[in-house]
Amino acid sequence: MRRTLIAGNWKMNTDHASAVALAEEVAARAAEVTNADLLVCPPSIYLESVGKALAGSPVALGAQNMYAEAKGAFTGEISPAMLTDIGAECVILGHSERRAIMGETDAQVNKKTFAALEAGLVPIVCVGEQLEQREAGKTQAVIAEQFEGSLADVTAEQVIHLVIAYEPVWAIGTGKVATPEQAEEVHADLRKLLTERYNAETAEKVRILYGGSVKPGNASELLSQPNIDGALVGGASLQADDFLGIGSAAKTD
Ligand code: PGA
């Protein structure tokens, strides 16, 4: 059975003091969440301090991005080994904001996915359609293309070590959450893509998170869907009450 994962993506928010305070509160109250794994992804500059604040707690540490190369002349970038060195266990890859604002492509996300896996990081690979694509009936095709491109050549042995996040772009930070049925439809499609590429047994092992305006009030309906295995939470992860409230809404295994 897939254990629910609630991942907080702090994006470019907090300062040093508030990042540490938030991590300390989530760590101290982590026992409130019994049916889910918890992960927080602070801005990279605060990873080390947040990692220290989480020490001894069950809350995992993740990054929001990384570069695919191991080292060298890549000014401003952070390598996979630097993330593991600082205690990060996961890394979000191909978030829609990086795709839209930084122009990240499926090919780059694919390269990063292999680099993360090689370094022992759990990649959380994001896919999701824009509003116009949904309205034009292209959701399934867009998701399939991003799945194929971002996860090209990933083997069955590797895919069970990564997480997929479905984040409809129109639901991110807008307060417009996908209905549980809309989300489940895409999650079921992703499970089918995994089954077709690998096999049912492998597909059953891969966690697929939903992201886009998840709040304590809508979490249990979303998380009770058969193919929704957790949430990637932006705005609501900045308040410990909301983040832990989402975690508490997780279904039992
Ligand atoms: P949101 O962001 O929860 O603020 O909509 C989700 C995300 O981008 O991960």
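Residues numbered from 1 in each chain as written. Predicted model: local features only at pLDDT ≥ 70, side-chain atom pairs only at ≥ 80, totals over all residues. Heavy atoms only, no water.

A. Quick peek at the layout of surface pockets. Taken as a whole, the largest pocket spans an internal volume of roughly 510 Å³. M12, Q64, N65, R98 and M102 are the residues nearest the centre of the largest pocket, which is lined by 17 residues in total. For the lining of the largest pocket, the element with the most residues is helix 4 (residues 96-101), which contributes 3 residues. Residues belonging to the lining of the largest pocket are distributed by class as follows: 7 nonpolar, 6 polar and 4 charged. (1 Å grid on protein atoms, 1.4 Å probe; cavity = no way out; pocket = protein on both sides within 12 Å on 5 of 7 lines; lining within 4 Å. Points joined across faces, edges and corners; volume = space filled by probe spheres on them. Helix = DSSP H or I, 4+ residues; strand = E, 2+ residues; numbered from the N terminus. Nonpolar A, V, L, I, M, F, W, Y, C, P; charged D, E, K, R; others polar.)

B. Region of interest: the sheet that holds strand 8 (residues 230-233). Taking strand neighbours around the barrel as the criterion, the 8 strands line up as 1-2-3-4-5-6-7-8 in a closed arrangement whose pairing is parallel. Ignoring strand direction, the axes of neighbouring strands in this sheet form an average angle of 25°. Relative to strand 6 (residues 163-166), strand 5 (residues 122-127) is paired through 4 bridges, and the arrangement is parallel. Bridging from a neighbouring strand, I124 pairs with V163 of strand 6. (Pairing = 2+ DSSP bridges. Axes fitted to C-alpha atoms, helices over the stretch in contact; angles between N-to-C directions.)

C. Up close: the site of the ligand. Around the ligand, a shell composed of 13 residues is seen, among which K11, H95, E167, G173 and S213 lie nearest. Separating an oxygen atom of the ligand from a backbone N or O atom of G173 is a distance of 2.6 Å. In this structure, G234 approaches the ligand through a main-chain N or O atom, which is 2.9 Å from an oxygen atom. Relative to its unbound accessible surface of 280 Å², the ligand loses 96% to contact with the protein. When grouped by side-chain class, the residues that make up the shell around the ligand number 4 nonpolar, 7 polar and 2 charged. (Near = heavy atom within 4 Å. Polar contact = N/O pair within 3.5 Å; in protein donor to acceptor, adjacent residues only side chain to side chain. Areas by Shrake-Rupley, 256 points an atom, 1.4 Å probe, with all protein chains shown as cover.)

D. Broad picture of helix 5 (residues 106-119). Taking 1.5 Å per residue, 14 residues should reach 20 Å; helix 5 reaches 20 Å between its end C-alpha atoms and fits that length. Among the residues of helix 5, D106, V109, N110, K112, T113, A115, A116 and L117 are the ones counted as buried. On its buried side, helix 5 packs onto helix 3 (80-85), strand 4 (90-93), helix 4, strand 5, helix 7 (139-150) and helix 8 (156-159). Once helix 5 finishes, G120 follows within two positions and takes phi at roughly 85°, a positive value. (Expected span 1.5 Å × (residues − 1). Buried < 20%, exposed > 50% of the residue type's maximum accessible area, 1.4 Å probe, protein only. Contact = heavy atoms within 4.5 Å.)

E. Here's a closer look at unusual backbone geometry. Located in the positive-phi region is K11, a residue other than glycine, with phi close to 50°. Tracing the chain through its elements places K11 in the loop between strand 1 (4-9) and helix 1 (16-28). For S213, which is not a glycine, the phi torsion comes out positive at approximately 55°. By the element assignment, S213 lies in the loop between strand 7 (207-211) and helix 11 (216-223).

F. Summary view of the nonpolar core. Grouped together as the largest cluster of nonpolar side chains are 69 residues, with contacts concentrated most on I6, V50, I164, L190, L194 and Y210. The element contributing the most residues to this core is helix 1, with 6 residues. Once you skip the residues sitting within four places of it in the chain, I6 turns out to touch A36, D37, L38, L39, L223, G230, A231, V233, F243, I246 and G247. Core analysis: the next-biggest nonpolar cluster, separate from the first, contains 13 residues, A60, I124, C126 and L209 among them. (Core = buried A, V, L, I, M, F, W, Y, C linked by side-chain atoms within 4.5 Å.)

G. Main features of the packing of helix 11 against helix 12 (residues 240-248). Two numbers describe how helix 11 lies on helix 12: the axes approach to 8 Å, and their chain directions differ by 20°. As summarised for this structure, helix 11 and helix 12 are arranged roughly parallel, according to the angle between their axes. Here helix 11 runs over helix 12; the crossing is right-handed. Here P216, A219 and L223 of helix 11 come into contact with helix 12, specifically with D242, G245 and I246. Residue composition of the contact of helix 11 with helix 12, grouped by class: 4 nonpolar, 1 polar and 1 charged. (Parallel < 35°, antiparallel > 145°, perpendicular 65-115°, else oblique. Left-handed = near helix turned anticlockwise from the far one by under 90°.)

H. Focus on the pairing of strand 2 (residues 36-41). Among the 6 residues in strand 2, 5 count as buried, and that is most of the element. Bridging between strand 1 and strand 2 involves 6 bridges; their strand directions are parallel. Directly across from G8, in strand 2, lies its bridge partner V40. After leaving strand 1, the chain enters helix 1 and then returns to the sheet as strand 2, a path that is right-handed. (Right-handed = clockwise from strand over helix to strand, strands pointing away.)

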